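Here is what each chain is made of, one letter per residue.
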Number of protein chains: 2
Amino acid sequence: MNKLTTPQTLTEHDFSKGAAFAMDAYVPADQASVSVMDWGFNKSDVTYDVVHVWDGAFFRLDQHLSRFERSMAGLRMKIPYDRDEIREILTTCVRLSGLRRAYVAMLTTRGVPLPGMPRKPSLMTNRFYAYAIPWIDVISPEVQERGAHLIIAKTERIPPESVDPTIKNYHWGDMIGALFEVEDAGADNAVLLDRDGFVTEGPGFNVFMVRDGKVCSPDRGALEGITRQTVFDLCDALAIPFETRPITSDDLHAADEIFTSTTAGGIMPAARIDGTILSNDRPGPVSVRLKETYWQWHREGRDATKIDYG
Amino acid sequence: MNKLTTPQTLTEHDFSKGAAFAMDAYVPADQASVSVMDWGFNKSDVTYDVVHVWDGAFFRLDQHLSRFERSMAGLRMKIPYDRDEIREILTTCVRLSGLRRAYVAMLTTRGVPLPGMPRKPSLMTNRFYAYAIPWIDVISPEVQERGAHLIIAKTERIPPESVDPTIKNYHWGDMIGALFEVEDAGADNAVLLDRDGFVTEGPGFNVFMVRDGKVCSPDRGALEGITRQTVFDLCDALAIPFETRPITSDDLHAADEIFTSTTAGGIMPAARIDGTILSNDRPGPVSVRLKETYWQWHREGRDATKIDYG
């Protein structure tokens, strides 16, 4: 562990824009890179997770670590670091950066094949990376404040039969297509449907609607988000009924409120979906209550892992 | 152009394992890397092409460059190099490596977002990379000789409604799933079906069958391979009838012959598909004739762009 926590060359580096752990060394985040030969790049054969740091503490760190371990197992990946070592590496990245509010990523790539090696993923040595960079809002605070304008994308979500969405992955070709639709429509973000017309998720976030006081989220085709689970926990705590079920675009258009959730932003209310205006064109009352309680939980230090910045 | 063709620091490097053009400089291929913040990595927002060099000459270089330009246009990407400059960069990579038989890749990533930039792909500055490394056989020469043992994967190909397969991309999650099925089955490689049960392609290659003397290849869900086009040109030259049409797994099981095609290997015959033995468990006569003529065309210097190694 000493090798990981007290590297020798750290004083040479400027970590103020973020710190990374790459190829078993700590480097400034903007120097962390992946070989163009790594299958994690040239076959997107990689899984990752993102946990956030808010006011000097990780939020629900162990849930993210558990999911990351499940994702690696699902892709038959192994790394030489156990959970305590991963936690230590993430903490060191944050400590080196000095960031009090951070986006902290961990990822494992399939690795680089040796010359002449048969094309068998099981033969390869997987590579672990991590980095802490300044907090990112997937949807900007100004847009969150007025309520995001969403569209339902024509691009279909990659189906679970091809790529398992519960294993967090970088297969974003469909999401990028949707983001171009967003730009063309002058909107803020998009929701993607599956082949059968059911709502799945958006680029980096889960989707929720509120109808007659009940919170609903898709039961299929989406990442099992940690923030999504936090929304359910918030509903429990606030005695708001909730369920997961199939949701169509018609359901979204008829919703009283829509909001999205992600680690990089929290709970983000929407105000419009396609041409339809929701909640008088502003964040709805249930969405706002959930959002405020989400941040209150942060202030109360719930599910927090404090970081010792030394 | 001088900047690109006569870099100053080249003598410091050992290019014997391959040469790359990365971030506007020539480096040994194993040092070429992409930032973990580049959407080309963390959203697989990247397109690429691969051309091969055989005995000191590119094969069908301009067809690959044309497709690469179409792929970039399809993803709304722009780079500061025109076709002549790309050709020059690829040639320089090969010349630096000294390789007479090489796998030569060109790729464009979406790039790295600036801090605080909204998540709009159109705002980003795209990045171009290229590299030449020793020739790769997607299916080893020994396996090509005896005829590959293929399986039809249970993992479904990512559908065109989600990611356009005619834009060459690194979304290989479905292919990796299929490669694990291959390992579990003790086979050599896999063919993937679409949601409707029609044959698409395999990990890095197009698929063909021969039935009653006619060559058939899928009309959907697959890359429009340059080597696939060469197969059609070979059929024309050899007066072998061919067509593209929907092909089912039953069609493959009832085929007289099956072969695959790719830049990194050429025309590669199969001998088995699932439990079914084809052509007396060896490469079939039409497949072998096409393969031999393919390499004869190389020896004759057809469609060749000779490289001046200086």
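Small disclaimer: the values here were computed from a predicted structure and weren't measured. (Residues numbered from 1 in each chain as written. Chains lettered and ligands numbered in written order. Predicted model: local features only at pLDDT ≥ 70, side-chain atom pairs only at ≥ 80, totals over all residues. Heavy atoms only, no water.)

J.: Report on the interface of chain B and chain A, specifying residues and quantitative values.
T.: By a frequent convention, interface size equals the accessible area lost on bringing the separate parts together. At the interface, 48 residues of chain B touch 48 residues of chain A. Summed over both partners, the interface of chain B with chain A buries about 4300 Å², with 63% contributed by carbon and sulfur atoms. The tally of links from chain B across to chain A stands at four salt bridges. Here Arg195(B) makes a salt bridge to Glu156(A), at a shortest N to O gap of 3.0 Å. For the interface between chain B and chain A, the tally reads 28 residue pairs in polar contact (both at pLDDT 80 or more). Going through the elements one at a time, strand E3 (33-35), helix H2 (39-42), strand E6 (102-109), strand E7 (127-134) and helix H6 (173-185) of chain B are the ones with two or more residues in the side of chain B that touches chain A. Of the residues contributing to the side of chain B that touches chain A, the split by class is 24 nonpolar, 11 polar and 13 charged. With three bridges joining them, strand E3 (residues 33-35) of chain A and E3(B) adopt antiparallel strand pairing. Pairing of Ser35(A) across the sheet is with Ser33(B), part of E3(B). (Contact = heavy atoms within 4.5 Å. Buried area = accessible area lost by both parts, 1.4 Å probe. Salt bridge = Lys/Arg side-chain N within 4 Å of Asp/Glu carboxyl O. Polar contact = N/O pair within 3.5 Å; in protein donor to acceptor, adjacent residues only side chain to side chain. Helix = DSSP H or I, 4+ residues; strand = E, 2+ residues; numbered from the N terminus. Nonpolar A, V, L, I, M, F, W, Y, C, P; charged D, E, K, R; others polar. Pairing = 2+ DSSP bridges.)

J.: Outline the domain arrangement of chain A, supporting the account with residue identities and numerical values.
T.: Residues and elements named next belong to chain A. According to the domain assignment, chain A consists of domain 1 (2-135) and domain 2 (141-299). When each unit is reduced to the centre of its C-alpha atoms, the spacing between domain 1 and domain 2 is 27 Å. Listed by partner, the interface residues are 20 residues for domain 1 and 20 residues for domain 2. The junction of domain 1 with domain 2 conceals about 1900 Å² of combined surface from both sides, 64% of it contributed by carbon and sulfur atoms. Per-residue buried area on domain 1 facing domain 2 is highest for Tyr48, Arg60 and Arg67; these three make up 34% of the total on that side. (Domains from an automatic or database assignment.)

J.: Which residues make up the packing of aromatic side chains, and what values go with them?
T.: Within this structure, the stated rule accounts for 30 aromatic pairs over all chains. Note on Phe232(A) and Phe242(A): the rings are 5.0 Å apart at their centroids and 10° apart in plane angle, and the pair reads as stacked. Residue Phe232(A) is found in helix H7 (residues 226-238), and its partner Phe242(A) is found in strand E12 (residues 242-244); the two are separated by 10 residues along the sequence. Ring geometry for Phe21(B) and Tyr26(B): centres 5.1 Å apart, planes at 55°, overall tilted. Taken as a pair, Phe21(B) and Tyr26(B) share a single burial class, namely buried. Aromatic rings pair up to connect Phe21(A), Tyr26(A), Phe68(A), Tyr81(A) and Phe128(A) into one cluster. (Phe/Tyr/Trp six-rings, centres within 6.5 Å; stacked < 30°, edge-to-face > 60°. Buried < 20%, exposed > 50% of the residue type's maximum accessible area, 1.4 Å probe, protein only.)

J.: So what's going on with the packing of H7(A) against helix H9 (residues 285-299) of chain A? Which residues, and what values?
T.: Residue and element names in this part refer to chain A. One way to put it is that H7 packs onto H9 with a least axis distance of 10 Å and a crossing angle of 100°. For the element pair H7 / H9, the angle class is roughly perpendicular. Of H9, the residues touching H7 (which contributes Thr227, Thr230, Val231, Asp233, Leu234, Cys235, Ala237 and Leu238) are Arg289, Leu290, Thr293, Tyr294 and Trp297. Per-class residue counts for the contact of H7 with H9 are eight nonpolar, three polar and two charged. (Axes fitted to C-alpha atoms, helices over the stretch in contact; angles between N-to-C directions. Parallel < 35°, antiparallel > 145°, perpendicular 65-115°, else oblique.)

J.: A description of the sheet that holds strand E1 (residues 19-22) of chain A should follow, citing residues and the corresponding values.
T.: Strand pairing in a sheet relies on backbone hydrogen bonds, with the paired strands running either antiparallel or parallel. All names here are of chain A. The sheet built from seven strands is open, its strands ordered E2-E1-E7-E6-E4-E5-E16 with antiparallel pairing. Of all the strands in the sheet, the pair left with one neighbour each is strand E2 (25-28) and strand E16 (304-306). Taken over all neighbouring pairs, the strand axes of this sheet differ in orientation by 25° on average, direction set aside. One ladder, built from eight bridges, connects strand E6 (residues 102-109) with strand E7 (residues 127-134); its direction is antiparallel. Each residue of the ladder has a partner; that of Thr108, found in E7, is Phe128.

J.: So what's going on with helix H7 (residues 226-238) of chain B? Which residues, and what values?
T.: Here H7(B) contains 13 residues, and its C-alpha end-to-end distance of 18 Å stays within 8% of the 18 Å for a straight helix at 1.5 Å per residue. Ala239(B) sits one or two positions beyond H7(B) and adopts a positive phi of about 55°. (Expected span 1.5 Å × (residues − 1).)

J.: Describe in detail helix H9 (residues 285-299) of chain B, supporting the description with residues and values.
T.: Residues and elements named next belong to chain B. For H9, which comprises 15 residues, the first-to-last C-alpha distance of 21 Å matches the rise-based estimate of 21 Å (1.5 Å per residue) to within 8%. Inspection of H9 places Val286, Ser287, Leu290, Lys291, Thr293, Tyr294, Trp295, Trp297 and His298 among the buried residues, and these make up the whole buried set. The positive-phi residue at the C-terminal boundary of H9 is Gly301, with phi of around 75°.

J.: Please provide a residue-by-residue account of the pairing of strand E2 (residues 25-28) of chain B, values included.
T.: All names here are of chain B. Where strand E1 (residues 19-22) and E2 come together, four bridges link them in antiparallel fashion. Residue pairing for E2: Ala19 is matched across the bridge by Pro28. The turn joining E1 and E2, which pair antiparallel and follow one another in sequence, is formed by two residues; a positive phi near 50° is taken by Met23.

J.: Which residues make up the sheet that holds E1(B), and what are the values?
T.: Residues and elements named next belong to chain B. Taken in spatial order, the seven strands line up as E2-E1-E7-E6-E4-E5-E16 in an open sheet, and their pairing is antiparallel. Both outer strands of the open sheet, E2 and strand E16 (304-306), are each paired with one neighbouring strand and no more. Averaged over neighbouring strand pairs, the angle between their axes works out to 25° when direction is ignored. Sheet strands touched by helix H3 (residues 61-74): strand E4 (46-54), strand E5 (57-59), E6, E7 and E16. Its angle to E4, the strand with the most contacts, is close to 175°. On the sheet, H9 packs against E4 and E5 and is oriented at approximately 75° with respect to E4.

J.: Tell me what's going on with the environment of Val231(B), and back it up with residues and numbers.
T.: Residue and element names in this part refer to chain B. Checked against the element boundaries, Val231 lands in helix H7. Using a relative accessible area of 0% as the deciding quantity, one classes Val231 as buried. Sequence separation between Val231 and Ala32 is 199 residues; the distance between their C-alpha atoms is 33 Å. If we ignore the near neighbours within four places in the chain, the residues touching Val231 are Phe208, Phe259, Ser261, Ile267 and Leu290.

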